[in-house]
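Architecture at a glance
Each chain is listed here by its residues.
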Amino acid sequence: MSADRPRKDDRIAVGDCPPAVRNRGKALFLAPTKPLVQQHADFYREALDVADEEIVVFTGEVRPDDRAALWEDASIVIATPQVVENDLVGNRISLADVTHLTFDECHRASGDYAYVYIAERYHADAAEPLVTGMSASPGGDREEITTVCENLGIDQVEVMTEDDADVSEYTHDTDVQWERIDLPEPIVEIRDALNEVITDRLESLKQLGVTNTTQPDVSQKDLNRMRGELQRMMDGGDSDAYTGMSVHAEVMKLRRAVELVETQSVEALRRYFERQRNAARSSGASKASQRMVSEPKVREAMRRAESFDDLHPKFRRTRVLLAQTLGIGGGERVIVFTESRDTAEALTEFLSASFDTRRFVGQGDKEGSDGMTQKQQQETLDAFRAGEFEVLVSTSVAEEGLDVPEVDLVLFFEPVPTAIRSIQRKGRTGRQAEGSVVVLLANDTRDEAFFWISRRREKEMENELRELKGVADELTDELDDGQAGLEEFEADASDEADAGASAAPESDPAAASTSDGAQPGLTDFDSEAADGDDSETADGGADDGADEAAGDGADDSDGADAEPEDSVVATAGTDDNGTEIVIDQRELESTIARDLSTREGVTTRLETLEVGDYVLSDRVAVERKSVADFLDTLVGGDRSMFEQVKDTARAYARPVVIIEGEDLYGERNVHPNAVRGALSSLAIDFDASVLRTEDEADTADLLEVIARREQETNDREVSAHGEKGAKTLAEQQEYVVSSIADIGPVTARALLEHFDTVEGVMTAREDDLLEVSGVGQVTADRIREVVGSDYPE
């Protein structure tokens, strides 16, 4: 059953239903954004004869401990996938008693998206799993649709179009029009100035042999190919490739600027330039940002943008189309979609002079703009449905699934180059009555390319779905034959163990050296030295310096669900469920936490850790760094890695640093001795064990081995140690000064050594600042600007 009204072109894929009728357990319904979750919850409470308190909503705004309690008593849980993923990794909930799992907008089930992990856990944990996947845009070809089905464990497919009786009564014709717009000369001049710089930079890349074109409208596919070629050159030790990669990054930034001025608004370009200027002034700024903002032609484009006092022609055409729909046409509601949050804000301000208009954006602080809270989003949608205002200006957060009835016009401020997003946008109209879609297209710009790409891909998807409708049974057979169950992977692992590939049982460590030649694991080596002196303090030789507590992960602007939690050292206690690993929730960006949570005998707990990324015992905490992150610390002047390790050493007697990835000495243009010096500092100055792993899977294996050795072989616990060590006065002073203009700790120390006090730095004249080693004109100007400027109201 769909928790939404039938929607135009819904295609539904249904999992295998067991013969018994299920009367117990709970249903879990997943939707990708918080507004969509709330919409489904409202519909369920209205449509079902179930007590409201048994239908619960899980988003990041509900505290984890509260979710664990609500889960036990709920009959229906409606949630964002990120929260369910967090709770599964954190061992707060179990899917064993879920009798039906629904994935709304199931086309997202690919790659590392949370749907894939949740489906895997559900099929592994539930006795009789039943899965339903729904999407109006399941994929562009048969292969994509098959991948979605396999990732969700679906083996039956039902294709429904607007011609089907179950759907046709809920759909109406939608008239799609494309409005072509010419750019005025001032905008063309800004665009051409930027394109000249792109051509110049592409000429540099051409000389390196990674491209044959210098045309500024080079495709994204070709740019991706250039980057891959540069990466191969870097791997081969070509030092010129490092410069080429920086030039490539500059081209990408310039192309974004061109896209904004061509297809969005000059206001969006102005805001983009301002962010680039700030980035170029910051500590550790990339050469690409610095080079771009100092380029004379770019500076001229910036000046032209600042002095441009007119509007992008799309703004006026938008106003005309809204007047025709809401005034002459007697319409009631219009949705305007735009890619840029900057444009959404500018459009809302512009249209509000003529219409009752509100914006609708995601929750994250993005592009220098405040997001909307979940409550604000819900209030805005409720008001729009109730007819309290006429025009909703939205970014992509409103594309998928939101039920806004009787929208008379959906206006695309620009084409989108994917069939799925285009279909989702168009699906906001033509539900209750005939609807209209207008796509604004700026001539001789990227809009045209996106238009043709989207049109071709939509046509391909329509043809593919017609074909699938005729061969649904054949596709079902294909899924039945080709789908591998989790038990097969478990069987493979079991076969490996029988062949001697794994360590001997923990109850008999000595048995690791068996007659079949199996080598001992790390847990089997002598651990007397490790257990010898428990009286050692956790200082580990780290006698000063600390970083501030890390904050919560940022909320994605369009629905990714971070949860607010207080930072802790570690809150997990011991239990009888095997080896326990405490994981910082920001590590969910990698696959390691999900991997560990699926392992036999491993219990994972998710926390916002104040120090470390993983806690493996009462004395072992791990900081994980990719090779790229590690090398960035060396070339960017950012000392945060050493501060983090210093803090970890204060709280745990055995700090461990894992450096993940290959080619530590060759990935970047960093002298090998600088790398060796950093490794030596971690080991000697901070008393940290530095270990290397090949990739995330190797890191997960190593974490499990260390945790088992600590907790099972050495009988240690995972427990809290207390608070992170307080900052010294000197550290607090360095922190205050380093935050003035993102100048970093090295320059902050130089300033304090020169002026003696924080007050002296704050009141220093520009000439005096320039006398300090490491302070140039840009840094001095920025310090004076931040310290001396009035606070904006």
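A quick note: this is a predicted structure, and the numbers were derived from the prediction, not measured. (Residues numbered from 1 in each chain as written. Predicted model: local features only at pLDDT ≥ 70, side-chain atom pairs only at ≥ 80, totals over all residues. Heavy atoms only, no water.)

As summarised here, the arrangement of the 6 strands in space is E15-E14-E16-E17-E18-E19, forming an open sheet in which the pairing is mixed. Of all the strands in the sheet, just strand E15 (602-607) and strand E19 (689-693) have a single pairing partner and so form its edges. Against the sheet, helix H3 (residues 81-89) touches strand E14 (579-584) and E15, its axis set at about 130 degrees to E15. The strands that helix H25 (residues 696-713) touches are E14, E15, strand E16 (614-615), strand E17 (620-626), strand E18 (654-660) and E19; relative to E14, the one it contacts most, it runs at about 130 degrees. (Pairing = 2+ DSSP bridges. Helix = DSSP H or I, 4+ residues; strand = E, 2+ residues; numbered from the N terminus. Contact = heavy atoms within 4.5 Å. Axes fitted to C-alpha atoms, helices over the stretch in contact; angles between N-to-C directions.)

What follows is about helix H30 (residues 777-788). Between its terminal C-alpha atoms H30 stretches 16 Å, which fits the 16 Å expected from 12 residues at 1.5 Å a residue. Turning to H30, the residues buried within the fold contact helix H10 (266-281), helix H27 (745-755) and helix H29 (766-770). (Expected span 1.5 Å × (residues − 1).)

Quick look at unusual backbone geometry now. One non-glycine residue, Asp444, lies in positive phi territory at about 60 degrees. Examined against the element boundaries, Asp444 turns out to sit in the loop between strand E13 (435-442) and helix H17 (446-470). Even without being a glycine, Asp687 presents a positive backbone phi close to 55 degrees. If you trace the backbone, Asp687 turns up in the loop between helix H24 (672-685) and E19. For Asp687, a relative accessible area of 34% corresponds to the partly exposed category. (Buried < 20%, exposed > 50% of the residue type's maximum accessible area, 1.4 Å probe, protein only.)

Another point: the nonpolar core. Judged by nonpolar contacts, the single largest core of 55 residues is most densely connected at Leu28, Leu30, Phe103, Ile118, Leu152 and Leu616. In terms of residues, this core owes the most to one element, helix H4 (residues 114-125), which gives 7 residues. Setting aside its immediate chain neighbours within four residues, Leu28 contacts Trp71, Val77, Val84, Leu95, Val98, His100, Leu101 and Thr102. If you look at the next biggest cluster of nonpolar residues, it comprises 41 residues, including Val197, Ala241, Tyr242 and Val293. (Core = buried A, V, L, I, M, F, W, Y, C linked by side-chain atoms within 4.5 Å.)

Before going further, it helps to examine the packing of aromatic side chains. Tallying each qualifying case throughout the model produces 8 aromatic pairs. Seen in terms of ring centroids, Phe315 and Phe413 are 5.6 Å apart; in terms of plane orientation they differ by 90 degrees. Their pairing is edge-to-face. Here Phe315, found in helix H13 (residues 313-328), pairs with Phe413, found in the loop between strand E12 (409-412) and helix H16 (419-426); they are 98 residues apart in sequence, far enough to count as distant. The buried category is assigned to Phe315, whose relative accessible area is 3%. (Phe/Tyr/Trp six-rings, centres within 6.5 Å; stacked < 30°, edge-to-face > 60°.)

Counting through the fold element by element, Ala730 comes out in helix H26 (residues 729-738). Residue Ala730 is classed as partly exposed on the basis of its relative accessible area of 39%. Taking the C-alpha atoms as reference points, Ala730 and Leu752, 22 residues apart in sequence, are found 9.4 Å from one another.

In regions of low pLDDT, the predicted coordinates are not meant to be interpreted in detail. When pLDDT is averaged across the protein chain, the result is 76; 72% of the residues are at 70 or more. Counting interchain partners and residues more than four positions distant, the pLDDT-below-50 stretch residues 1-23 has 79 contacts. Confidence drops under pLDDT 50 across residues 481-560; counting only partners more than four residues distant or on other chains, this segment forms 127 contacts. (pLDDT = per-residue confidence, 0-100.)

Further remarks concern a negative patch on the surface. Judged by side-chain charge, Asp235, Glu662, Asp663, Glu694 and Asp695 come together as a negatively charged surface patch. Relative to the helices and strands, Glu694 resides in the loop between E19 and H25. Judged by relative accessible area, which is 53%, Glu694 ranks as exposed. (Patch = residues over 30% accessible without salt bridge, like charges linked within 9 Å, V, L, I, M, F, W, Y side chains within 5 Å. Areas by Shrake-Rupley, 256 points an atom, 1.4 Å probe, with all protein chains shown as cover. Salt bridge = Lys/Arg side-chain N within 4 Å of Asp/Glu carboxyl O. Lys, Arg positive; Asp, Glu negative; His and termini not counted. Charge placed at Lys NZ, Arg CZ, Asp CG, Glu CD.)

Here the focus is the packing of helix H7 (residues 185-207) against helix H12 (residues 296-307). Where H7 contacts H12, the two axes come as close as 9 Å, and the packing angle between them is 165 degrees. With respect to H12, the element H7 is oriented roughly antiparallel. In terms of crossing hand, the pair formed by H7 and H12 is left-handed. Here Glu189, Ile190, Ala193, Leu194, Glu196 and Val197 of H7 lie close against H12, whose contacting residues are Lys297, Val298, Ala301, Arg304 and Ala305. Here the residues of the contact of H7 with H12 are counted per class, giving 7 nonpolar, no polar and 4 charged. (Parallel < 35°, antiparallel > 145°, perpendicular 65-115°, else oblique. Left-handed = near helix turned anticlockwise from the far one by under 90°. Nonpolar A, V, L, I, M, F, W, Y, C, P; charged D, E, K, R; others polar.)

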